[in-house]
Amino acid sequence: MTSKRYTGNIITDTPTDSTGNSGANYGVATGVWSLSEARTFSAAGNWPIPASAPSAPTIGTATAGVEQATVAFTPNADDGGLDVTSFTATSNPDSITASASSSPITVTGLTNGTAYTFTVTATNSAGTSAASSASNSVTPTNPASRSLFAGGEYSSKFNIIDYVTTASTGNATDFGDLTVARGGLAGASSVTRATFAGGQTSSTVNTIDYVTINTTGNAADFGDLNILVNSLAGHSSETRGFFGGGGLSNGQVTNFIDYITIASTGNASDFGDLTQGRNGLAAGASTTRGGFGGGSTTSGVVNTIDYITIASTGNATDFGNLGGATNQIAGLSNDTRAVFGGGNLNGSITDTMAYVTISSTGNSTDFGNLIANRRLSAGSASQTRGLFGGGLGPSIDNVIQYITIASTGNATDFGDLTQARYQPAATATRGGV
């Protein structure tokens, strides 16, 4: 047998030796080969061999998180003759998938409150294994809610950020400081991050700050609003924060609405316009729709409520009316209701609270009363409880009061802010409990 024949060559002087399977790849044997040659190369491990899909992994323990779950598994020793390139977990229900090169796999995009099981498959170049047996059942849950109160003023402007656990009661704890001391700012938050925008120092600013809600520490610069504005309102979905209305440095009011992607940093983008330019308004939102209520135009105090569709951009649409013309009002919301509290109602400070069902349209309905008449306070909420903090009544105070959003009734004392002040901003863990 000639050397050329030995290396599989019949028609060329530059033959290519065969190779065996390696890692995730099949070997290659190009040309015409005798049985003797094939045996020789095979004995040396340099001959491709048939491969198959791997055997199914062994399922481990699934662990729930917030809108996600982590799925552990053990790869099968039988890889089918080729290295496994990926493992895929699939949820039941909804068939939501995620892949990784090793255990565990984190499956995101799950619905809080829904029970899920998971199976895992393994894939190599020859195919995909059968599914593993199903995991234990897990139910992603809403996170515990923190409410943050930032800025405000008394005899001077404050850079204070306070926090409380929304589901408890008690006095607030120091969180850190804003980048700039100011009042008349607004807040918006996601599950993990809170933002604070606009406000008044010695002059009107367009600053946006952010903090990570479940830590403590000073705020960092996020970017800027498109205009210098104070006495504005803010609300948010799980991903977007919205800031609308407010007063300008020339004493006029604006109908602007800006939005940010909370998980990023950078300057705000234009969303559209309110139905009326006004300041001293309040806001609340579900995951799909946001509303703005009350405020003062250049002509006077109004009872306007308008709304936007969060996933789009465009101008606001008329929703209905508050029970009376109200400015310097505070707002809070869960995914079902927005509650508006306090303010100047028909020219007098009020303790009135009113609510709307966010998914509908129409006029507000009486909710109950605050502990006392209050204006220029701030509101935040979990999915179950709403808080109003600070403000001006008979005096400037540090009182935090709470309501159960799904019911109606009067507010109850929660505790105190670290500093009495009015015109702070407030926001809370989005979707928290």
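To be clear, the structure that these remarks concern was listed above.
(A) Structural detail: the sheet that holds strand β27 (residues 348-349). Pairing within the open sheet is antiparallel, and its three strands lie in the order β23-β26-β27. The open sheet has two free edges, formed respectively by β23 (326-327) and β27, since each of these has just one partner strand. Note: strand β26 (residues 344-345) against β27, two bridges, orientation antiparallel. Counted as the bridge partner of Asn344 is Ile349 from β27.

(B) Inspection of the pairing of strand β28 (residues 352-357) at higher detail. Pairing analysis gives five bridges linking strand β25 (residues 337-341) to β28, with the strands arranged antiparallel. Within the sheet, the bridge partner assigned to Arg337 lies in β28 and is Thr357.

(C) Geometry of the pattern of salt bridges. For the structure shown, the criterion picks out six salt bridges. A salt bridge links Arg421 to Asp162; the shortest N-O distance between them is 3.3 Å. One end of the pair, Arg421, is in the loop between β33 (412-416) and β34 (425-428); the other, Asp162, is in strand β9 (residues 160-165), with 259 residues separating them in the sequence. Of the two residues, Arg421 and Asp162, neither departs from the other in class, the shared state being buried. One salt bridge in this structure joins Arg374 and Asp397, with 2.6 Å as the shortest N-O distance. Of this pair, Arg374 sits in the loop between β29 (365-369) and β30 (378-381) while Asp397 sits in the loop between β31 (385-389) and β32 (399-404), placing them 23 residues apart in sequence. As far as burial versus exposure is concerned, Arg374 and Asp397 are alike and both buried.

(D) Geometry of the pairing of strand β13 (residues 207-212). Along β13, five of the six residues are buried, which leaves the element largely enclosed by surrounding structure. Here five bridges tie strand β12 (residues 193-197) to β13, and the two strands are oriented antiparallel to one another. From the neighbouring strand, Ala197 faces β13, where its bridge partner is Ile208. The sheet contact formed by β13 and strand β14 (residues 220-224) spans four bridges and is antiparallel.

(E) Summary view of the side chain of Ser364. Turning to its location among the elements, Ser364 is positioned in the loop between β28 and β29. Residue classification places Ser364 among the buried residues on the basis of a relative accessible area of 18%. Within the structure, the side chain of Ser364 is placed 3.3 Å from the backbone nitrogen of Gly323, a separation counted as a polar contact. Not counting chain neighbours up to four residues away, the residues in contact with Ser364 comprise Asn321, Leu322, Gly323, Ala354, Tyr355 and Val356.

(F) Region of the structure containing the nonpolar core. Val71, Ile105, Val107, Leu110, Phe118 and Val120 are the most contacted members of the largest nonpolar core, which has 17 residues in total. When residues of this core are traced back to their parent elements, those giving at least two are β1 (58-64), β2 (68-74), β3 (86-92), β5 (105-108) and β6 (117-124). In this structure, Ile208, Val229, Ile260 and Ile262 belong to the second largest nonpolar core, which totals 14 residues.

(G) Highlighting the environment of Tyr259. With respect to the helices, strands and loops of the structure, Tyr259 is situated in strand β17 (residues 256-261). Using a relative accessible area of 16% as the deciding quantity, one classes Tyr259 as buried. Each C-alpha atom of the pair Tyr259 and Phe243 lies 6.3 Å from the other, and the pair is 16 residues apart in sequence. Leaving out residues up to four positions away in the same chain, Tyr259 has contacts with Arg240, Gly241, Phe242, Ala268, Ser269, Asp270, Phe271 and Thr313.

(H) Molecular detail of the environment of Ala285. Looking at the secondary structure, you find Ala285 in strand β19 (residues 282-285). Taking the C-alpha atoms as reference, Ala285 lies 8.7 Å from Ile310; in sequence the two are 25 residues apart. Apart from the residues lying within four places of it in its own chain, the contact partners of Ala285 are His235, Ser236, Gly290, Ile310, Ser333, Asn334, Asp335, Ile358 and Arg430.

(I) Local environment of the sheet that holds strand β20 (residues 289-293). Spatially, the four strands line up as an open sheet ordered β19-β20-β21-β22, and their pairing is antiparallel. Two strands in the sheet have a free side with no partner beyond their single neighbour: β19 and β22 (317-321). Taken over all neighbouring pairs, the strand axes of this sheet differ in orientation by 25° on average, direction set aside. With four bridges connecting them, β19 and β20 associate as antiparallel partners. If you follow Gly284 over to β20, its bridge partner there is Gly291.

(J) Local environment of the packing of aromatic side chains. Using the criterion set out here, one finds ten aromatic pairs in the structure. Relative to Phe118, the ring of Tyr116 lies with its centre 6.2 Å away and its plane at 25°, an arrangement referred to as stacked. Each member of the pair Tyr116 and Phe118 is classed as buried. With a centroid separation of 6.0 Å and 85° between ring planes, the pair formed by Tyr163 and Phe175 is classed as edge-to-face. You can see Tyr163 sitting in strand β9 and its partner Phe175 sitting in strand β10 (residues 173-177), a full twelve residues away along the chain. The buried category is assigned to Tyr163, whose relative accessible area is 16%. What links up through ring pairs into an aromatic cluster is the set Phe242, Tyr259 and Phe271. The cationic tip of Arg193 hangs over the ring face of Tyr210; the distance from NZ or CZ to the ring centre is 3.9 Å.

(K) How the structure looks around unusual backbone geometry. Cis geometry is found at the peptide bond from Asn92 to Pro93, where omega equals 10°. Relative to the elements of secondary structure, Pro93 occurs in the loop between β3 and β4 (97-100). The step from Ser103 to Pro104 runs through a cis peptide bond, and the omega angle for that step is 0°. Mapped onto the elements, Pro104 comes out in the loop between β4 and β5. Although it is not a glycine, Ser231 sits at a positive phi angle of roughly 55°. As for its position among the elements, Ser231 is in the loop between β14 and β15 (233-236).

Rules of the game
Residues numbered from 1 in each chain as written. Predicted model: local features only at pLDDT ≥ 70, side-chain atom pairs only at ≥ 80, totals over all residues. Heavy atoms only, no water. Pairing = 2+ DSSP bridges. Helix = DSSP H or I, 4+ residues; strand = E, 2+ residues; numbered from the N terminus. Salt bridge = Lys/Arg side-chain N within 4 Å of Asp/Glu carboxyl O. Buried < 20%, exposed > 50% of the residue type's maximum accessible area, 1.4 Å probe, protein only. Polar contact = N/O pair within 3.5 Å; in protein donor to acceptor, adjacent residues only side chain to side chain. Contact = heavy atoms within 4.5 Å. Core = buried A, V, L, I, M, F, W, Y, C linked by side-chain atoms within 4.5 Å. Axes fitted to C-alpha atoms, helices over the stretch in contact; angles between N-to-C directions. Phe/Tyr/Trp six-rings, centres within 6.5 Å; stacked < 30°, edge-to-face > 60°. Lys NZ or Arg CZ within 6 Å of the ring centre and 35° of its normal.

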